[in-house]
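Here's the letter readout for the chains.
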Amino acid sequence: MSAKTRTLALLGVLLLAILAGALFGQVSVFPLDSENLRLIWNFRLPRVLFAAINGAILALAGVLYQIALRNPMADGFTTGAASSAAFGGCLALVLWGSSTLISLSAIAFAGAGIFVVRRIATMAGDGARVTIILAGIALSVVSGSGISFLKYFFEDSLGSMVFWLMGGLSAGTFAKIGILALIFGASMTALWLDRKRLALLFLDDYSAQTSGANVRRMREALFVLTTILVAMSVSFCGVIGFLGLMVPHAVRALLGNDIKTQLVCSPLLGSIALVLFDLVSRIILPHGGELPVGIITSVAGGIFFFLLLMRRGGRV
């Protein structure tokens, strides 16, 4: 199957997933009269598109982390970016409550967390790629403790924090979709134009450097970009874990490991996955209501993580 055929096939599946997400849920929209069409346009479609763009962003971030570190366990969760962004978002939520400040705080704390993780990894020398994962897990624990501290001292905001941290897509609007789409589009354009140099990071550091790549600078740039991507997603819809870990592995196993396939197919598959996970979250409860989509992705991601450790733990 050619690259063009694979891309078109994934686009077709994504359109079908978006259609299913817009048409199905706890409330039936059939027959498709004017009232039900308004329901789809005002509520279902923004949510489904919000899921699609967030899935693409999280999957792209996972790809970039794994390329930069050459470590199959790297994603926004295991490097600590998502957890530190969540702490920053919670802090802004309890202190100010402004969506703009939540986004800025999430980005700032994610950047600070990644800086700390990178510094620890740099001090570790040759073991840096493994140390980043270990330091990221430690950062996640510290950030979780900070969030618990906020829950304890800001009980009035406890409900908002808990709901936000579980990850949800009900707050999706066309404005937020536009912001995320702009960030994603700019990131993809820059990455695609630089894809040949980016592919050198698949090599070992010595080979990449002798081929003309400034490995350290490229990795720093990727960490900045992925931190912004993860933090923006977290600030808008809470913590949706492990999508960035699962999707790149699925793409490598099913479609290939070249840079073009990773950059194009991973975001598409991430969109499909999150749209379908969100659909499941809306229909899984038998008596109405919905399950936060972050719970479903965390369960699926946790199982996937255990399987990955069992199959590839020794080689990692």
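What you see as residue numbers is a count from 1 along each chain, following the sequence as written. With the structure being a predicted model, the display of local features is reserved for residues of pLDDT at least 70 and the display and counting of side-chain atom pairs for 80 or more, all residues being used for whole-chain, interface and lining totals. The basis for the side-chain values is all heavy atoms of the structure; hydrogens and waters are excluded.

Caption draft 1: Quick peek at the overall build of the protein chain. In this description a helix means any DSSP run of H or I spanning at least four residues, a strand means any run of E spanning at least two, and both kinds are numbered starting from the N terminus. Across its full length, the protein chain holds 13 helices and zero strands. Secondary structure elements of the protein chain, listed N to C terminal, follow the sequence α-α-α-α-α-α-α-α-α-α-α-α-α. Over its C-alpha atoms the protein chain spans a radius of gyration of 19 Å, differing by no more than 12% from the 20 Å that the globule rule assigns to 316 residues. In terms of overall dimensions, the protein chain has a C-alpha envelope of 65 × 55 × 35 Å along the principal axes. Relative accessibility decides the category of a residue: with a 1.4 Å probe and only protein chains considered, values under 20% of the type maximum give buried, values over 50% give exposed, and everything between is partly exposed. Taken over 316 residues, the protein chain has a buried fraction of 50%. Restricting to contacts in the protein chain with at least 6 residues of sequence separation, those with at least 24 account for 75%. What the globule rule says is 2.2 Å times the number of residues to the power 0.38, and the radius of gyration is computed from C-alpha atoms. Contacts: residue pairs with any heavy atoms within 4.5 Å of one another.

Caption draft 2: Expanded view of empty space enclosed by the protein. A 1.4 Å probe that fits but cannot get out identifies a cavity on a 1 Å grid over protein atoms alone, an open set with protein on both sides within 12 Å along at least five of seven lines counts as a pocket, and a residue lines either if it has an atom within 4 Å of a point. Grid points are joined across faces, edges and corners, and a volume is the space filled by probe spheres set on the points. This model, assessed by the stated rule, comprises one cavity of 30 Å³ or more. Its boundaries defined by the atoms lining it, the largest cavity holds a volume of some 120 Å³. Around the largest cavity, the lining is made up of 17 residues, and of these Leu58, Gly76, Phe77, Ile240 and Phe242 lie nearest the centre. Those elements that provide at least two residues to the lining of the largest cavity are helix H2 (34-69), helix H10 (215-237) and helix H11 (243-254). Basically, the charged four are Asp, Glu, Lys and Arg, the nonpolar ten are Ala, Val, Leu, Ile, Met, Phe, Trp, Tyr, Cys and Pro, and anything else, Gly included, counts as polar. When its residues are assigned to classes, the lining of the largest cavity shows ten nonpolar, six polar and one charged.

Caption draft 3: Expanded view of the packing of helix H7 (residues 174-193) against helix H12 (residues 259-283). A fitted line through C-alpha atoms serves as each axis, taken over the contacting stretch for helices, and the angle formed by two N-to-C directions is quoted from 0 to 180°. One way to put it is that H7 packs onto H12 with a least axis distance of 11 Å and a crossing angle of 165 degrees. Here H12 runs roughly antiparallel to H7, going by the angle between their axes. Between H7 and H12 lies a crossing whose hand is left-handed. Side by side, H7 and H12 meet where Phe184, Met188, Leu191 and Trp192 of the first sit next to Lys260, Leu263, Val264 and Pro267 of the second. Should an angle fall under 35 degrees it is taken as roughly parallel, and over 145 as roughly antiparallel, whereas 65 to 115 is taken as roughly perpendicular and any remaining angle as oblique. Crossing chirality is assigned from the near helix's rotation relative to the far helix, an anticlockwise turn below a right angle marking it left-handed and a clockwise turn marking it right-handed.

Caption draft 4: Summary view of the confidence of the model for the protein chain. Residue-level confidence of the predictor is what pLDDT reports, using numbers from 0 through 100. Averaged over the protein chain, the pLDDT score is 85; the fraction of residues at 70 or greater is 95%. Within the protein chain, helix H9 (residues 205-210) has the poorest average pLDDT of any element, 71, and H7 the best, 94.

Caption draft 5: Examining the pattern of salt bridges more closely. The term salt bridge refers to a pairing of a side-chain nitrogen on Lys or Arg with a carboxyl oxygen on Asp or Glu at a separation within 4 Å. Inspection of every chain in the model, using the stated rule, returns five salt bridges. Across the pair Arg47 and Asp278 runs a salt bridge, and its minimum N-O distance is 2.8 Å. With Arg47 in helix H2 and Asp278 in helix H12, this pair connects stretches of sequence that are 231 residues apart. Among the salt bridges present, the one from Glu220 reaches Arg118, with a minimum N-O distance of 2.9 Å. With Glu220 in helix H10 and Arg118 in helix H4 (residues 99-123), this pair connects stretches of sequence that are 102 residues apart. Assessed through its relative accessible area of 34%, Glu220 is described here as partly exposed. Judged by relative accessible area, which is 15%, Arg118 ranks as buried. Among the ionic contacts, a cluster of salt bridges with common partners joins Arg47, Asp278, Arg282 and Glu290.

Caption draft 6: Spotlight on a nonpolar patch on the surface. A cluster of nonpolar side chains, Ile295, Val299, Ile303, Phe306, Leu307, Leu309 and Met310, forms an exposed patch at the surface whose accessible area comes to about 690 Å². Summarising the element assignment, Ile295 is placed in helix H13 (residues 293-312). A relative accessible area of 32% means that Ile295 is categorised as partly exposed. Residues enter patches when their relative accessible area tops 30% and they take part in no salt bridge; the joining distance is 9 Å for like charges and 5 Å for the nonpolar side chains Val, Leu, Ile, Met, Phe, Trp and Tyr. Under the convention used here, a 1.4 Å probe and the Shrake-Rupley method define accessible areas, while residue burial counts only the protein chains that appear.

Caption draft 7: Structural detail: H11. Each helix should span, by expectation, one fewer than its residue count multiplied by 1.5 Å. With twelve residues, H11 extends 16 Å between its outermost C-alpha atoms, agreeing within 8% with the 16 Å of an ideal straight helix rising 1.5 Å per residue. All of the buried residues along H11 are Leu243, Gly244, Leu245, Met246, Val247, Pro248, His249 and Val251.

Caption draft 8: Examining the environment of Gly76 more closely. Looking at where Gly76 falls in the secondary structure, it is placed in the loop between H2 and helix H3 (81-95). C-alpha of Gly76 to C-alpha of Ala20: the two residues are 56 residues apart in sequence and 28 Å apart in space. Excluding residues that lie within four positions of it along the chain, Gly76 makes contacts with Tyr65, Ala81, Ala82 and Val230.

Caption draft 9: Representation of the packing of aromatic side chains in the model. Whether two aromatic rings pair depends on their centres lying within 6.5 Å, for rings of Phe, Tyr and Trp, where Trp uses its six-membered ring; planes under 30 degrees apart make the pair stacked, over 60 edge-to-face, and the rest tilted. If you walk through the whole model with that rule in mind, you get six aromatic pairs. Ring geometry for Trp41 against Phe174: centres 5.1 Å apart, planes inclined by 35 degrees, an arrangement best described as tilted. Linking Trp41 in helix H2 with Phe174 in helix H7, this pair joins segments that are 133 residues apart in sequence. Members of the aromatic cluster, each reached through a chain of ring pairs, are Phe149, Tyr152 and Phe153.

Caption draft 10: Local environment of H10. Taking 1.5 Å of rise per residue, 23 residues should cover 33 Å, and H10 covers 33 Å from first to last C-alpha, within 8% of that figure. Counting buried residues in H10 gives 17 out of 23 residues, a clear majority hidden from the surface.

Caption draft 11: Layout of unusual backbone geometry. The amide bond that connects Phe30 to the next residue, Pro31, takes the cis arrangement and shows omega of 0 degrees. Mapped onto the elements, Pro31 comes out in the loop between helix H1 (3-23) and H2. A positive phi is found at Phe242, a non-glycine position, where the angle reads about 70 degrees.

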